[in-house]
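Listed below, chain by chain, are the residues.
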Amino acid sequence: MLPLRDDPKWIIGFSDISALHALMASHGIASVHASMAKQVMLGPDDELNSYLFDILQGRFPTYRFAPNEYNHPGHAEGKLLGGNLAVIADLIATPFDIIQPGTILFIEDVSEPIYKIERIIYQLRLMGILPKLNGLIIGQFTDYKPDKVHESMEQMLAEALAPYPELPVAFGAPIGHVDYNLPVVESAYATLDITPEGVTLAIEP
């Protein structure tokens, strides 16, 4: 008997908690990539908490994001997985690898230099995994400095993803190490629509 699998409970959090989300996903159990207890302390009237409490009661959200100049328009459907890129990249080729074909992958990170994130993205390119994703959501990359080659993380990512124009990619999603960190359900089925007018992410129970 595996208590976690046989009687699962919601795991909620982000950052290093991405490793626990990957563990849950390996057992086919949904979890919630969302802010920590500090956010919950703001009470039920907080917008993010309202989304989270809805999820915990089985009412899954539909989010809309602003358009971004780097977006790749398109439509994608599939299992939603992801989290802190440095964490989930270290799980590649392990039983807890969630960067898998056919998924909608979301990524974010904090305090990582541009060159390190670039190295991870090129690793995924060399693995041939990027064109096999159904969609890619670029969350917030924060607390880094421009380097001699790239002024921003988004610029680097846009260049690295340029060879895959048919891959739907949404930049600038409010997911990650920011105050407004939308809760998303790992392992849920999701639909991603990216148009010049903006981005819609619908998460289904």
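See above for the structure.
First, a word on scope: everything that follows refers to the structure included in this document. Treat the numbers as computed from the prediction; the structure is a model and nothing was measured.

Details of the pattern of salt bridges
Per the stated rule, a full pass over the model turns up 3 salt bridges. In this structure, K116 and E112 form a salt bridge, with 3.3 Å as the shortest nitrogen-oxygen distance.

A short note on the sheet that holds strand β5 (residues 103-110)
Within a beta sheet, neighbouring strands are joined by backbone hydrogen bonds and run either parallel or antiparallel to one another. The strand order β3-β10-β9-β4-β5-β6-β7 describes an open sheet built from 7 strands, whose pairing is mixed. Across the chains shown, the open sheet's two edge strands, defined by having one partner strand only, are β3 (62-65) and β7 (169-170). Bridge count between strand β4 (residues 74-84) and β5: 6 bridges; the pairing is parallel. Counted as the bridge partner of G82 is F106 from β5. Of the strands in this sheet, β6 (135-142) and β7 are in contact with helix α7 (residues 153-161), which crosses β6 at around 155°.

So, helix α6 (residues 114-127)
Helical geometry note: an α-helix holds 3.6 residues per turn, so side chains three or four residues apart project in the same direction. For α6, with 14 residues, the first-to-last C-alpha span of 20 Å sits near the 20 Å given by 1.5 Å per residue. By the burial criterion, the buried members of α6 are I114, I117, I120, I121 and L124. Looking straight down α6, one finds that the buried residues subtend no more than 130° of arc, so they occupy a single side. Away from its buried face, by an angle of more than 90 degrees, α6 presents the exposed residues Y115, R119 and L126. Structurally, α6 contributes buried residues whose contacts are with α5 (85-89), β5, β6 and α7.

Quick notes on the layout of surface pockets
In this structure, the largest pocket spans a volume of roughly 180 Å³. In terms of lining, the largest pocket is formed by F14, S35, M36, K38, Q39, L42, H177, V178, D179 and N181. Tallied by class, residues from the lining of the largest pocket come to 4 nonpolar, 4 polar and 2 charged.

Comments concerning the packing of aromatic side chains
As enumerated under the stated definition, the model contains 2 aromatic pairs in all. Between Y51 and Y63 the ring centres are 5.2 Å apart and the planes differ by 85°, which places this aromatic pair in the edge-to-face class. With Y51 in helix α4 (residues 47-56) and Y63 in strand β3, this residue pair connects regions lying 12 residues apart in the sequence. The exposure class assigned to Y51 is partly exposed, which follows from its relative accessible area of 24%. Taking the centre distance of 5.6 Å and the plane angle of 55° together, the rings of Y70 and F171 count as tilted. Separated by 101 residues along the polypeptide, Y70 in the loop between β3 and β4 and F171 in the loop between β7 and β8 (184-186) bring together distant segments of the chain. Take F171: its relative accessible area is 1%, and that puts it in the buried class.

What about the pairing of β6?
Summarising burial for β6: 7 of the 8 residues are buried, a large majority. As defined by bridge partners, β5 adjoins β6 across 6 bridges and the pair is classed as parallel. The residue of β6 that forms the bridge with F106 is I137. Handedness of the crossover joining β5 and β6 through α6: right-handed. One ladder, built from 2 bridges, connects β6 with β7; its direction is parallel. Its bridge partner lying in β7, I137 is registered against A170. Between the parallel pair β6 and β7, the chain is carried across by α7, and the sense of this crossover is right-handed.

About the thresholds
- As a convention, each chain's residues are numbered from 1 in the sequence order in which they are written.
- Reporting in this predicted model follows two pLDDT cut-offs: at least 70 for local features of residues, and 80 or more for side-chain atom pairs to be given and counted; totals over whole chains, interfaces and linings ignore these cut-offs and use all residues.
- For side-chain calculations, the full set of non-hydrogen atoms in the structure is used, while hydrogens and water are omitted.
- What counts as a salt bridge is simple: a side-chain nitrogen of Lys or Arg found within 4 Å of a carboxyl oxygen of Asp or Glu.
- Pairing between strands is defined by DSSP: at least two bridges between the two strands are required.
- A helix here means a DSSP run of H or I that spans at least four residues, while a strand means a run of E at least two residues long, and both kinds are numbered starting from the N terminus.
- Whether two residues touch is decided by their heavy atoms; if any such pair falls within 4.5 Å, the residues are in contact.
- What counts as an axis is a line fitted to C-alpha atoms, over the stretch in contact for a helix, and the angles between N-to-C directions run from 0 to 180 degrees.
- Here, expected helix span is obtained from the residue count minus one, scaled by 1.5 Å.
- Burial status follows relative accessibility: with a 1.4 Å probe on protein chains alone, a residue under 20% of its type maximum counts as buried, one over 50% as exposed, and anything between as partly exposed.
- Relevant arc is that of directions from the helix axis to the C-beta atoms, nothing else.
- Points on a 1 Å grid, built from protein atoms alone, make a cavity when a 1.4 Å probe fits but cannot get out and make a pocket when they are open with protein on both sides within 12 Å along at least 5 of 7 lines; residues with an atom within 4 Å of a point are the lining residues.
- Grid points are joined across faces, edges and corners, and a volume is the space filled by probe spheres set on the points.
- Each residue receives one of three labels: charged for Asp, Glu, Lys and Arg, nonpolar for Ala, Val, Leu, Ile, Met, Phe, Trp, Tyr, Cys and Pro, and polar for the others, Gly being one of them.
- Pairing of aromatic rings covers Phe, Tyr and Trp, the last through its six-membered ring, and needs centres within 6.5 Å; plane angles under 30 degrees mean stacked, over 60 mean edge-to-face, and all others mean tilted.
- By convention, orient the strands away from the viewer: a clockwise path from the first strand over the helix to the second makes the crossover right-handed.

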